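Observations on the model geometry
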Amino acid sequence: MKKDKTNILVVGLLSTGSSAIVDFLREYDDIHIIQNEFNDFRAPGLVADQLDNQQDNEFLNEIGKITSLKSRIRLIYGIFPILKWEIRTITELKQRFKFNLLRIKQLNALKRLNEKLVSAILVEDKIRQANLWIRKLARLNNSNKEFVLFDQPLLSAINTSVWKKVFNPFKLIVVYRDPKDQLAEIIKKGILYAPYGSPYVNYGGVALETIFGRTENCNYYTY
């Protein structure tokens, strides 16, 4: 029987330097890194919100929006942008093909999970299905590596008892940065007033959820 891969969860608030930690761990041969920040679990209306029955969840199931046929066709178009064919497009074609093809496989896996999430099975059974989903993501590239790294898979508003079961077994790395430096970079990048809304994670949403928790009442623009 194969040993379960251990998930490494790198978590930090906005502009704390989690990407630097991911780049550092990329040097280790036995760690497979899931591409980009992992939003499919944490984003409003996605997997985490379908597993928490201990709160009055105001977010509807938004998984269909990102797993739709239109979304996948858009990724295919991203591989072969016929209307924007450029020299640099040719040189980057192989990398873009690999990236988008893997993303399509991730969306297919998420779509299959959602069939379980919208069914009448118990919440605990849904959590077990979500754990199987996380394990499948680690095998999409046929990786034999012992560890799987997820960059920013969590938000502080997500129920701890839920995500610990979904990502089990896991190791958690929390990235902290001097708040003065953190705020200075946020202002410098001009992302202080970014909007909030499901089913995607954005800068304003992360800040609002950290302060007020996950609620549709936070679904507005910051000023």
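Residues numbered from 1 in each chain as written. Predicted model: local features only at pLDDT ≥ 70, side-chain atom pairs only at ≥ 80, totals over all residues. Heavy atoms only, no water.

Looking at the overall build of the protein
When helices and strands are counted, the protein shows 9 helices and 4 strands. In sequence order, the protein lays out its α and β elements as β-α-β-α-α-α-α-α-β-α-β-α-α. Taking all 223 residues of the protein together, the buried fraction comes to 43%. Here the contacts in the protein between residues at least 6 apart in sequence split such that 73% fall between residues at least 24 apart. Element-wise, carbon and sulfur atoms account for 57% of the exposed surface of the protein, whose accessible area totals about 13300 Å². (Helix = DSSP H or I, 4+ residues; strand = E, 2+ residues; numbered from the N terminus. Buried < 20%, exposed > 50% of the residue type's maximum accessible area, 1.4 Å probe, protein only. Contact = heavy atoms within 4.5 Å. Areas by Shrake-Rupley, 256 points an atom, 1.4 Å probe, with all protein chains shown as cover.)

Brief notes about a positive patch on the surface
The grouping of Arg-112, Lys-116, Lys-136 and Arg-139 at the surface amounts to a positive patch. Counting residues per element, the ones that place at least two in the positive patch are α5 (93–117) and α6 (123–139). Within the secondary structure layout, Lys-116 lies in helix α5. (Patch = residues over 30% accessible without salt bridge, like charges linked within 9 Å, V, L, I, M, F, W, Y side chains within 5 Å. Salt bridge = Lys/Arg side-chain N within 4 Å of Asp/Glu carboxyl O. Lys, Arg positive; Asp, Glu negative; His and termini not counted. Charge placed at Lys NZ, Arg CZ, Asp CG, Glu CD.)

Structural notes on the nonpolar core
By size, the foremost hydrophobic cluster in this structure holds 31 residues, and its most contacted members are Phe-41, Val-47, Trp-133 and Phe-167. Elements with a contribution of two residues or more to this core: β1 (6–12), α2 (63–67), α5, α6, β3 (147–151) and α7 (160–166). A total of 6 residues in this core trace back to one element, the largest contributor, which is α6. Non-local contacts of Phe-167, meaning those with residues more than four positions away in its chain, are made with Asn-7, Leu-9, Phe-38, Phe-41, Asn-131, Ile-134, Phe-150, Pro-153 and Leu-154. (Core = buried A, V, L, I, M, F, W, Y, C linked by side-chain atoms within 4.5 Å.)

Description of the layout of surface pockets
Here the second largest pocket is characterised by a volume of approximately 520 Å³. Elements supplying a minimum of two residues to the lining of the second largest pocket: α1 (18–25), β2 (31–37) and α5. Here the lining of the second largest pocket gets 7 residues from one element, more than from any other, and that element is α5. Taken together, the residues of the lining of the second largest pocket break down into 8 nonpolar, 7 polar and 6 charged. (1 Å grid on protein atoms, 1.4 Å probe; cavity = no way out; pocket = protein on both sides within 12 Å on 5 of 7 lines; lining within 4 Å. Points joined across faces, edges and corners; volume = space filled by probe spheres on them. Nonpolar A, V, L, I, M, F, W, Y, C, P; charged D, E, K, R; others polar.)

Thoughts on α1
Of the positions making up α1, those classed as buried are Ser-18, Val-22 and Leu-25. Down the axis of α1, the sector holding all buried residues measures 65°, keeping them to one side. Looking at the buried positions of α1, the neighbouring elements they touch are β1, β2, β3 and β4 (170–175). (Arc of directions from axis to C-beta.)

The values are spatial; any link to function lies outside them.
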